[in-house]
Amino acid sequence: MTTMIRETAEVDEQIFFDALIDADERIEPRDWMPEAYRRTLVRQISQHAHSEIIGMQPEGDWITRAPSLKRKAILMAKVQDEAGHGLYLYSAAQTLGIGRDEMTRQLIAGEAKYSSIFNYPTPTWADMGAIGWLVDGAAICNQVPLCRCSYGPYGRAMVRVCKEESFHQRQGFEILLTLMRGSAAQREMAQDAVDRWYWPSLMMFGPPDDASPNSARSMAWKIKRFSNDDLRQRFIGMIVPQAEILGVTLPDPALEWDAAAGRWQMSPIDWDEFHEVLAGRGQMNAERLRRRREAHEEGAWVREAAAAYAASRTGAPSRSSSEARSADPRSLSGARSADPRSLSEARSADSRSLSEARSAETKRPDPPEDPR
């Protein structure tokens, strides 16, 4: 009898969940959700957070080597933004019941994935421009639709992340523009960086739709709104006119607009390279994880001091910040009915960010004005 009641309740919860998705409503941490939906979100959000944290390394290496004090300050601010993005996203993942310590353990143990783009070297200052223009530009195309993700905490975090990423993309464009206005050696440096980062940036959107096992389900759940190939097409359409303004050449001789098909035709992407890097065999994979592991170990005393201070303020036994956050918010209630007022307030407060996200999604980032 108990089993029958439980199964009936689960069927009703599934119907309610499906109705929320169909109505383009948000799923909140206390709402019932299918276990597969929760696992998909934990995987995607934690990988996104890991990417922000690992992504600090290639740019952080250039803070002391940037060509001017102004460039150093700007780059430092950008790296700080990336750290903040990682913290927003780790917090969003924690609302799904996974602890910060566990996500960190998975990353430094090499069990968790992060964006393959950060496993490429950055040998010149022009790489800072190419990363900002191409990598952050691809991130904007990928992440603006995530502002409308069906899971509330993820979508709300992405609104602020996308606003800051737009500054990063323009900063990268400005670095390349300055180099392209400079000497022949500087122009050559800028073009070389674009040549090296163009194809990895296209890979950031993931494998082709017919080879992406998670894409269709994520779109059905409205975690993501567009397929990998559609996002890749949007990105190319955004950067082609910007490349003309910069005066750089995109390294694909086959790239052209097919008016009949309504798509950009392009050379095949080297997916073997993509899978090699994703599997941990890229140029910088081992170095990125080694440095992340060292930073985590060297920062242990800071975490312990913060936990001790927090305990002294509350009178509670000292424990790690991750343990303090690790209680599963869903355990407060298995369904929306546990606290209907707070959930209603959350959805009301959410309406403005959803409106901003929808407005932002209808506008592609405009290329900067032609300085010539």
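In this text the structure is predicted, and so the values were computed from the model without any measurement.

**Side note on the environment of Thr95**
Tracing the sequence through the fold places Thr95 in the loop between helix H4 (69-94) and helix H5 (100-108). Look at Thr95 and you get buried, because its relative accessible area is 19%. Along the primary structure Thr95 and Val42 are separated by 53 residues, whereas in three dimensions their C-alpha atoms are 9.4 Å apart. Polar side-chain contacts of Thr95 include one of 2.6 Å to the backbone oxygen of Ala92.

**Thoughts on the packing of H4 against helix H6 (residues 126-143)**
In contact at an axis separation of 13 Å, H4 and H6 are set at 40° when each is read in the N-to-C sense. Comparing their axes, H6 and H4 come out oblique. Relative to H6, the crossing made by H4 is left-handed. Every residue of H6 that contacts H4 at Leu75, Lys78 and Glu82 is listed here: Met128, Ile131, Gly132 and Asp136.

**Examining the packing of aromatic side chains**
To describe a pair of aromatic rings, you give the distance between the ring centres and the angle between the ring planes. Taken as a whole, this structure holds 9 aromatic pairs when the rule is applied. Here the aromatic rings of Tyr198 and Trp199 are separated by 5.1 Å at their centres, their planes lie at 80°, and the arrangement is edge-to-face. No difference in accessibility class separates Tyr198 from Trp199, as the two residues are buried. Taking 5.6 Å as the distance between ring centres and 50° as the angle between the ring planes, the aromatic pair formed by Phe205 and Phe235 counts as tilted. Of this pair, Phe205 sits in the loop between helix H8 (184-203) and helix H9 (215-220) while Phe235 sits in helix H10 (residues 228-246); the two residues are 30 residues apart in sequence, bridging distant segments of the chain. An aromatic cluster is built from Phe17, Trp32, Tyr37 and Trp221, whose rings are joined through pairwise contacts. Its end group placed over the ring of Trp62, Arg65 keeps NZ or CZ at 3.9 Å from the ring centre. Its guanidinium or amino end placed over the ring of Phe226, Arg234 lies 3.9 Å from that ring's centre, counting from NZ or CZ.

Thresholds applied
- Residues numbered from 1 in each chain as written.
- Predicted model: local features only at pLDDT ≥ 70, side-chain atom pairs only at ≥ 80, totals over all residues.
- Heavy atoms only, no water.
- Helix = DSSP H or I, 4+ residues; strand = E, 2+ residues; numbered from the N terminus.
- Buried < 20%, exposed > 50% of the residue type's maximum accessible area, 1.4 Å probe, protein only.
- Polar contact = N/O pair within 3.5 Å; in protein donor to acceptor, adjacent residues only side chain to side chain.
- Axes fitted to C-alpha atoms, helices over the stretch in contact; angles between N-to-C directions.
- Parallel < 35°, antiparallel > 145°, perpendicular 65-115°, else oblique.
- Left-handed = near helix turned anticlockwise from the far one by under 90°.
- Contact = heavy atoms within 4.5 Å.
- Phe/Tyr/Trp six-rings, centres within 6.5 Å; stacked < 30°, edge-to-face > 60°.
- Lys NZ or Arg CZ within 6 Å of the ring centre and 35° of its normal.

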